[in-house]
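Architecture and fold: a report
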Amino acid sequence: RFEKKQKAGAKLIVSGCLPSVNKDRLNSVFDGVVVRARSLHEFDQVLDHQHSLRDIQYAGPDRQFKKDKATEYPLRIEWGCDGNCSYCAIKFVFGGPKSRPVAEILLEFDRAFRKGYRNFMLVANDAGSYGKDLRTSLTDLLDALCKMQKECWFSLSHISPNKLKALLPSLSGF
């Protein structure tokens, strides 16, 4: 099916959870480039360093391609999850929570801020678990980010209601 819709010379790349969740099924229908969810940092190599994953235009819900520089910078803070939801493959694909060190996140944040980004999406599979493996917390990370720059916005991806409820008292100072 894909071959009929694929542009001549275009390369189809399969990524995300599928290669880890059902590798055998994928291999039975697809014999191309696969970038596993744990290996997204290798995406630029797959593109032969001609493009950067961050520079690829994306289509919004209205299928219109965004022509301008992305206004929201995706800042990865954590992978994995400690939940046991029967409908979810995140724990199977990534394992338990693995947080990026605060200093590493602050360096990336500073580079992106100097490039002109002011809106930052803190990306995690389970943001409420951020820092537990490093003896820190999401609140500590937010505090460090806010101390670096006050003229920016943060949004948060993927936090369970229970973990958000537990964090709310410590977030009241923001």
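Residues numbered from 1 in each chain as written. Predicted model: local features only at pLDDT ≥ 70, side-chain atom pairs only at ≥ 80, totals over all residues. Heavy atoms only, no water.

**So, the packing of helix α6 (residues 102–114) against helix α7 (residues 138–148)**
Packed helices, taken two at a time, are described by the angle between their axes plus the distance between the axes. Remark: α6 packs on α7, axes separated minimally by 11 Å, with the N-to-C direction vectors making an angle of 35 degrees. Relative to α7, the crossing made by α6 is right-handed. When α6 is examined against α7, the residues Val 102, Ile 105, Leu 106, Phe 109 and Asp 110 are found in contact with a partner set consisting of Leu 141, Ala 144, Leu 145 and Met 148. Across the contact of α6 with α7, the residue classes tally to eight nonpolar, no polar and one charged. (Axes fitted to C-alpha atoms, helices over the stretch in contact; angles between N-to-C directions. Helix = DSSP H or I, 4+ residues; strand = E, 2+ residues; numbered from the N terminus. Left-handed = near helix turned anticlockwise from the far one by under 90°. Contact = heavy atoms within 4.5 Å. Nonpolar A, V, L, I, M, F, W, Y, C, P; charged D, E, K, R; others polar.)

**Thoughts on the sheet that holds strand β3 (residues 72–76)**
Strands sit in the order β3-β6-β7 across an open sheet of three strands; the sheet is parallel. Where the open sheet ends on each side, the last strands, each with one partner, are β3 and β7 (153–156). Geometrically, the sheet is characterised by an average inter-axis angle of 30 degrees between neighbouring strands, direction not taken into account. Most of the contacts of α6 go to β3, to which it runs at about 165 degrees, and overall it touches β3, β6 (119–123) and β7. (Pairing = 2+ DSSP bridges.)

**Considering the confidence of the model for the protein**
Put simply, the protein has an average pLDDT of 79, and 81% of its residues get 70 or more. Across residues 58–69, confidence stays below pLDDT 50; counting only partners more than four residues off in sequence or on other chains, it has 11 contacts. (pLDDT = per-residue confidence, 0-100.)

**Focus: α7**
Residues separated by three or four positions in an α-helix point in the same direction, a consequence of the helix having 3.6 residues per turn. Among all positions of α7, only Leu 138, Thr 139, Leu 141, Leu 142, Ala 144 and Leu 145 are buried. Where the residues of α7 are buried, they touch α6, β6, β7 and α8 (161–171). (Buried < 20%, exposed > 50% of the residue type's maximum accessible area, 1.4 Å probe, protein only.)

**Concerning the nonpolar core**
By size, the foremost hydrophobic cluster in this structure holds 21 residues, and its most contacted members are Ile 77, Phe 109 and Phe 120. Secondary structure elements with two or more residues in this core: β3, α6, β6 and α7. Discounting chain neighbours no more than four positions away, the residues touching Phe 120 are Glu 72, Tyr 73, Phe 109, Ala 112, Phe 113, Cys 152, Trp 153, Phe 154 and Ser 155. (Core = buried A, V, L, I, M, F, W, Y, C linked by side-chain atoms within 4.5 Å.)

**Some details on the pairing of β6**
Burial analysis of β6 places four of its five residues in the buried class, which makes it a mostly covered element. Of the pairings in the sheet, the one linking β3 to β6 comprises five bridges and is parallel in character. Its bridge partner being in β6, Pro 74 is matched across the sheet by Met 121. Direction of pairing for β6 relative to β7: parallel, over a ladder of four bridges. Across the sheet, the residue bridging to Asn 119 is Trp 153, located in β7.

**Points about the packing of aromatic side chains**
Per the stated rule, a full pass over the model turns up six aromatic pairs. Ring geometry for Phe 109 versus Phe 113: centroids 6.1 Å apart, planes at 45 degrees, classification tilted. On the criterion of helical spacing, the pair formed by Phe 109 and Phe 113 is a turn pair, its members being four residues apart in helix α6. Of the two residues examined, Phe 109 and Phe 113, each falls in the buried class. Through successive ring pairs, a cluster of aromatic residues spans Tyr 73, Phe 109, Phe 113, Tyr 117, Phe 120 and Phe 154. In this arrangement the basic side chain of Arg 118 is found over the ring face of Phe 113, its NZ or CZ atom lying 3.6 Å from the centre. (Phe/Tyr/Trp six-rings, centres within 6.5 Å; stacked < 30°, edge-to-face > 60°. Lys NZ or Arg CZ within 6 Å of the ring centre and 35° of its normal.)

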